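Breakdown of the fold
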Amino acid sequence: GEDVEQSLFLSVREGDSSVINCTYTDSSSTYLYWYKQEPGAGLQLLTYIFSNMDMKQDQRLTVLLNKKDKHLSLRIADTQTGDSAIYFCAESIYTGGFKTIFGAGTRLFVKA
Amino acid sequence: NAGVTQTPKFQVLKTGQSMTLQCAQDMNHNSMYWYRQDPGMGLRLIYYSASEGTTDKGEVPNGYNVSRLNKREFSLRLESAAPSQTSVYFCASIQDRVITDTQYFGPGTRLTVL
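All figures in this text were calculated on a predicted structure; none of them were measured in a lab. (Residues numbered from 1 in each chain as written. Chains lettered and ligands numbered in written order. Predicted model: local features only at pLDDT ≥ 70, side-chain atom pairs only at ≥ 80, totals over all residues. Heavy atoms only, no water.)

Overview of the pairing of strand β9 (residues 85-94) of chain A
All names here are of chain A. Short version of the rule: Only protein chains enter the accessibility calculation, which uses a 1.4 Å probe; a residue is then buried when its area is under 20% of its type maximum, exposed when over 50%, and partly exposed in between. Under the DSSP-based scheme used, a helix requires at least four consecutive residues in state H or I and a strand at least two consecutive residues in state E, with every element numbered from the N terminus. Between any two strands, pairing holds if DSSP finds at least two bridges.
Counting buried positions over the 10 residues of β9 gives 9, a clear majority of the element. The pairing of strand β4 (residues 31-37) with β9 spans 7 bridges and is antiparallel. Bridge pairing in β9 links Y33 to A90. Of the pairings in the sheet, the one linking β9 to strand β11 (residues 106-111) comprises 3 bridges and is antiparallel in character. If you follow I86 over to β11, its bridge partner there is R107.

This is the structure we're talking about:
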């Protein structure tokens, strides 16, 4: 079946690195995404990685993909209070059409 | 360029009442989606429209109907609201329904059914 799992909460101190983890079940995933949701707002795409890559870096964000273990992580370096939000992992699969499966979201708390 | 807009932002209904959630996008996107977000769960797809004039069921379509009024607008209707439909509803759009495209989300409608 298709499932994306994430831990629900993460708390870090300002300036530390945050690592948010995600596992997925569908091995036919082609793209994996990280979305950010701030309070009262919709989801905003942060970054994505193609399934034949194992790492992608974009400024403070590093995405690591272990396709063998179906494990995806998002590392935020030098975490700031403005990074406090819910982070959603998502995978796209093709089953005769494009479909996105979302995880439940990880709520990141950043303590000053 | 407003992106994806949704109205209303908040709504309280009584069980059995009906209402329509509105969504519009100004990016000339072909595909539009309605999701619901519940605590501890990811977004679940209710309905989608791959192009103007077509609509298809998603994962949780029961109790909802949709209309793709034109390329810009995609509405979601609850004919007889139930407490189980208390949720936050998000509309999203995408240029084409292919893997590499990014979904753009609206700000959401928070619906409470008493």
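Description of the state of the cysteines
What is meant by a disulfide is a covalent connection between two cysteines, made through their sulfur atoms. Stated precisely, the cut-off is as follows: Two cysteine sulfurs form a disulfide in these notes if their separation is within 2.5 Å.
Going through the model one piece at a time under the given rule, you end up with 2 disulfides over all chains. The disulfide partner of C22 of chain A is C89 of chain A, and the S-S distance across this bridge is 2.0 Å. Here the S-S torsion is close to -65 degrees, and the disulfide linking C22 of chain A with C89 of chain A is therefore left-handed. A residue pair is termed long-range when its members are at least 10 positions apart, and C22 of chain A in strand β3 (residues 18-24) and C89 of chain A in strand β9 qualify at 67 residues. Overall, the relative accessible area of 1% leaves C22 of chain A in the buried class. In this model C23 of chain B forms its disulfide with C91 of chain B; the gap between the sulfur atoms is 1.8 Å. Between C23 of chain B and C91 of chain B, the S-S torsion sits near -70 degrees, and that sign places the bridge as left-handed.

Observations regarding the pattern of salt bridges
A side chain with one charge may pair with a side chain of the opposite charge, provided their charged atoms come close. All names here are of chain A. In plain terms, the rule: When a carboxyl oxygen of Asp or Glu lies within 4 Å of a side-chain nitrogen of Lys or Arg, that pair is called a salt bridge.
For the structure shown, the criterion picks out 6 salt bridges over all chains. Where K36 meets E38, a salt bridge forms, and the shortest distance between an N and an O atom there is 3.2 Å. The buried category is assigned to K36, whose relative accessible area is 11%. Between D83 and R60 there is a salt bridge, with the nearest N and O atoms lying 2.9 Å from each other.

Quick notes on the side chain of H29 of chain B
Residues and elements named next belong to chain B. As a reminder, the rule being used: Throughout this description, a polar contact denotes any pair of N or O atoms lying within 3.5 Å of each other; where both atoms belong to protein, one of them has to be capable of donating a hydrogen while the other can accept it, and for residues adjacent in sequence the pair is counted only when both atoms sit in side chains. Here, residues are in contact when the closest pair of their heavy atoms is within 4.5 Å.
Residue position: H29 is located in the loop between β3 (19-25) and β4 (31-37). Here the side chain of H29 touches S93 through a polar contact of 2.7 Å, side chain to side chain. When residues no more than four places from it in sequence are discounted, the contact partners of H29 are R68, K71, S93, I94, Q95 and Y104.

Quick look at the environment of L46 of chain A
All names here are of chain A. Inspection of the secondary structure puts L46 in strand β5 (residues 43-50). It is 19 Å that separates the C-alpha atoms of L46 and S11, two residues lying 35 residues apart in sequence. Beyond its immediate chain neighbours, meaning those up to four positions away, L46 contacts W34, Y35, K36, L61, L74 and Y87.

Overview of the interface of chain B and chain A
How we decide: Simply put, the buried area is the total loss of 1.4 Å probe accessible area from both parts when two parts are fitted together. Each residue receives one of three labels: charged for Asp, Glu, Lys and Arg, nonpolar for Ala, Val, Leu, Ile, Met, Phe, Trp, Tyr, Cys and Pro, and polar for the others, Gly being one of them.
Counting from both sides, the interface comprises 19 residues of chain B and, opposite them, 20 residues of chain A. The contact between chain B and chain A buries some 1,500 Å² in all, and 61% of this surface belongs to carbon and sulfur atoms. The interface formed by chain B and chain A contains 0 salt bridges. Scanning the region where chain B abuts chain A turns up 2 residue pairs in polar contact (both at pLDDT 80 or more). Elements represented by at least two residues in the side of chain B that touches chain A include exactly β4 and β9 (87-94) of chain B. No other element matches β4 of chain B, which puts 3 residues into the side of chain B that touches chain A. Residue classes in the side of chain B that touches chain A are distributed as 10 nonpolar, 7 polar and 2 charged.

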